[in-house]
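Overview (structure and organization)
Chain by chain, the residues run as shown.
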Amino acid sequence: MDTKKTFYSNGKLLITAEYLVLDGAKALALPTKFGQNLIIEESKNAEINWKSFDADGSTWFEDSITFSEIKNPVSAKEESVKTTLIKILHEAYLLNPDFLNQEKGFQITTELTFPKKWGLGTSSTLINNIAQWLNIDAFELLNKSFGGSGYDIACAQNNTPVLYQLKHGKAKVEPVQFYPNFTENIYFVYLNKKQSSKTAIANYQKNKTTDIEKYISKTDKITHEILHAKNCTIMAAAIARHETIMSTILETAAVKENLFSDFIGEIKSLGAWGGDFIMVISDVNPVTYFKSKGYKTIISYQDMILK
């Protein structure tokens, strides 16, 4: 009898309301064609043998974790992949204790279909996969283990774009249609460095101004404009306004001003500012421009976004 179980979750890109989504702003988020598999097989002994593969087939994490380590984790002096994983599994155990009430252990494999460094949701796809496996609420598991707004869990679970909002701490997910007739003008460029969401969020919380509500209502309007943009020009103008707002809040220069001031077109940071992907809107194919600046990962809208 084959006891192998496989679960899959989509990666994510946050198009609007980065950071502000934590305070109730409406965010447009797009699930990606890339994601992560979780493969569960039964094994002997009360432990989990864990192996994580990157997109190129290389192993980026491998270890054994005993059931007792999950049930009674020791507080770690330093955070590592293993301690983070134990934290997630411990919270999952508290939500569904049955999964460790057996003599058999597990052989668990994870497989990313995007390079881990891209920041498309290595943690969120894992958390959603574990939640699927154990029949628990992924938003609750995220909240208790990793924190964050939860838009990435919404992308993990949906195969269409979503409008995402936190209302009184609860996730409100509305699947929407977002198929601009100018997708051939939209590209995603990887900035060659992975950003830590946790650090970025901490900086935002520190810098947050008292008139945050004013900024939220402005970005809500922009999210609506981008969602219904009829052409490139409208979307580019909305993106430029969004970057200005975030630049003010974060007291950081926008990425176009910082790195690509001579670029003809519009550029928007996605997710944590200063790393991961940017979204580019351009009338001409921008591949040559970005390659000349040393950025080699340029992905078209069609190749990146699930629709």
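Summary of the structure given here. (Residues numbered from 1 in each chain as written. Predicted model: local features only at pLDDT ≥ 70, side-chain atom pairs only at ≥ 80, totals over all residues. Heavy atoms only, no water.)

**As for helix α4 (residues 138-145)**
Three- or four-residue spacings in an α-helix give side chains the same orientation, since the helix completes a turn every 3.6 residues. Inclusion rule: To sort residues, take the accessible area from a 1.4 Å probe on protein chains only and compare it with the maximum for the residue type: under 20% means buried, over 50% means exposed, and anything in between is partly exposed. Going along the chain from the N terminus, every DSSP run of H or I of four or more residues is numbered as a helix, and every run of E of two or more is numbered as a strand. Starting at the helix axis, one direction is taken to each C-beta atom, and the arc is that of these directions. We call two residues in contact when some of their heavy atoms are within 4.5 Å. Nitrogen and oxygen atoms within 3.5 Å of one another constitute a polar contact, given that in protein one can donate a hydrogen and the other can accept it, and given that sequence-neighbouring residues count only through two side-chain atoms.
Looking only at α4, the buried set comprises A138, L141, L142 and S145. For α4, the buried positions fall inside an angular range of 100° around the axis, keeping them on one side. Buried residues along α4 sit in contact with α2 (81-95), α3 (122-134) and α5 (151-157). N-cap assignment for α4: the residue whose side-chain oxygen lies 2.8 Å from the backbone N of F139 is D137. Looking one or two residues beyond α4, the residue adopting positive phi is G147, at roughly 80°.

**Focus on the packing of α2 against α4**
The line we're drawing: Here an axis means a line fitted to C-alpha atoms, over the contact stretch when the element is a helix, while the angle between two N-to-C directions is reported on a 0 to 180 degree scale. In this scheme, roughly parallel covers angles under 35 degrees and roughly antiparallel covers those over 145, while 65 to 115 is roughly perpendicular and the rest are oblique. If you view the pair so one helix is near and one far, a crossing is left-handed when the near helix is turned anticlockwise from the far one by less than a right angle, and right-handed when it is turned clockwise. Under the grouping applied here, Gly and all other residues not named as nonpolar or charged are polar, the nonpolar ones being Ala, Val, Leu, Ile, Met, Phe, Trp, Tyr, Cys and Pro and the charged ones Asp, Glu, Lys and Arg.
Running from N to C, α2 and α4 point in directions that differ by 130°, and their axes come no closer than 9 Å. The angle between α2 and α4 places the two elements in the oblique class. Here α2 runs over α4; the crossing is right-handed. Between α2 and α4, the residues in contact are K87, I88, E91, A92 and L95 and E140, L141, K144 and S145, respectively. Considering only residue class, the contact of α2 with α4 consists of 4 nonpolar, 1 polar and 4 charged.

**A word on the pattern of salt bridges**
Pairing between side chains of opposite charge can happen when the charged atoms of each approach one another. As a reminder of what qualifies: Take a side-chain nitrogen of Lys or Arg and a carboxyl oxygen of Asp or Glu: if they are within 4 Å of each other, that pair is a salt bridge.
If you walk through the whole model with that rule in mind, you get 9 salt bridges. Here E42 ties to K104 by a salt bridge, and the two come within 3.8 Å at their closest N and O atoms. With a gap of 62 residues between them, E42 in strand β2 (residues 27-43) and K104 in the loop between α2 and β5 (105-112) connect regions that are remote in the sequence. Two residues, D63 and K82, come together in a salt bridge whose shortest N-O distance is 3.8 Å. Here the residue D63 occupies a position in strand β4 (residues 59-66), and K82 occupies one in helix α2, the gap between them amounting to 19 residues. A relative accessible area of 30% means that D63 is categorised as partly exposed.

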